[in-house]
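A closer look at the structure
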Amino acid sequence: YAVTGDNVSAAAGRVSFALGLQGPCSTVDTACASALVAVHWGWHTMRGGESSASVALAVSLKLVPHATLGAASAGMLSVDGRCKTLDARANGYARSEGVGALVLLCEGSGVTMLCGSAVRQDGRSASLTAPNGSAQRTLLVAALDRASLIALGVGSLEAHGTGTALGDPTEAGALVAVHGLPNRTRPIVVG
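On a predicted model such as this, the values are computed, not experimentally measured, just so you know.

Cut-offs and rules
Residues numbered from 1 in each chain as written. Predicted model: local features only at pLDDT ≥ 70, side-chain atom pairs only at ≥ 80, totals over all residues. Heavy atoms only, no water. Helix = DSSP H or I, 4+ residues; strand = E, 2+ residues; numbered from the N terminus. Buried < 20%, exposed > 50% of the residue type's maximum accessible area, 1.4 Å probe, protein only. Polar contact = N/O pair within 3.5 Å; in protein donor to acceptor, adjacent residues only side chain to side chain. Contact = heavy atoms within 4.5 Å.

Description of the side chain of His179
Position of His179 relative to the elements: it lies in helix 5 (residues 167-179). Take His179: its relative accessible area is 2%, and that puts it in the buried class. Polar contacts involving the side chain of His179 include one to the main-chain carbonyl oxygen of Ala151, which spans 3.5 Å. Beyond its immediate stretch of four places on either side in the chain, His179 contacts Leu140, Leu144, Ala151, Leu152, Val154, Leu157, Arg184 and Ile188.

Structural data, given as structure tokens:
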């Protein structure tokens, strides 16, 4: 336990071992997007024929205070502990813990859960935590293209939603630019 318990890369292998799963297996750490990137990679292994199903697991545990203290001292955390995403009162985000899993099945199994996905890093921006609206627009267009969808046909979106005065307007601007929110004939739900 001492050798593997401290090694985050061993976590995915232990789950595969315990469940008897075979096929591609990896641990993903992309900060806020880890769960979505795991789903993206799982979907691509199925599309590429490496597997007929995929399990994407996400775990976020705050076992030590260092990251929370650092985010608080940098002014990134909401002072009242509540994230007010896309709200004029937004004053930072709230750190939380959670565990979740999603099973993806190949087409033909009677269930289609994901039409397409895209992953993109913002690249150069004003700072490490400053979003890049151009990169976000490019990502949204790529996801639509891979899913063979048109923007006006999308009924719901899941936003990153930092709850910050910098992140929310940049993300909202990208969503408006790509999905034509002011010109839509039916509303779009943003989670």
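Further notes follow.
Regarding the environment of Asp168
Among the structural elements, Asp168 can be located in helix 5. Taking the relative accessible area as the measure of exposure, Asp168 reaches 4% and is therefore buried. For the pair Asp168 and Ala90, spaced 78 residues apart in the sequence, the C-alpha separation amounts to 8.5 Å. Aside from chain neighbours lying at most four places away, what touches Asp168 is Lys84, Thr85, Leu86, Asp87, Ala90, Gly161, Thr162 and Gly163. Within the local environment of Asp168, its side chain forms a polar contact with the backbone nitrogen of Thr162, the two atoms lying 3.2 Å apart. Within polar-contact distance, the side chain of Asp168 engages the backbone nitrogen of Gly163 at 3.0 Å.

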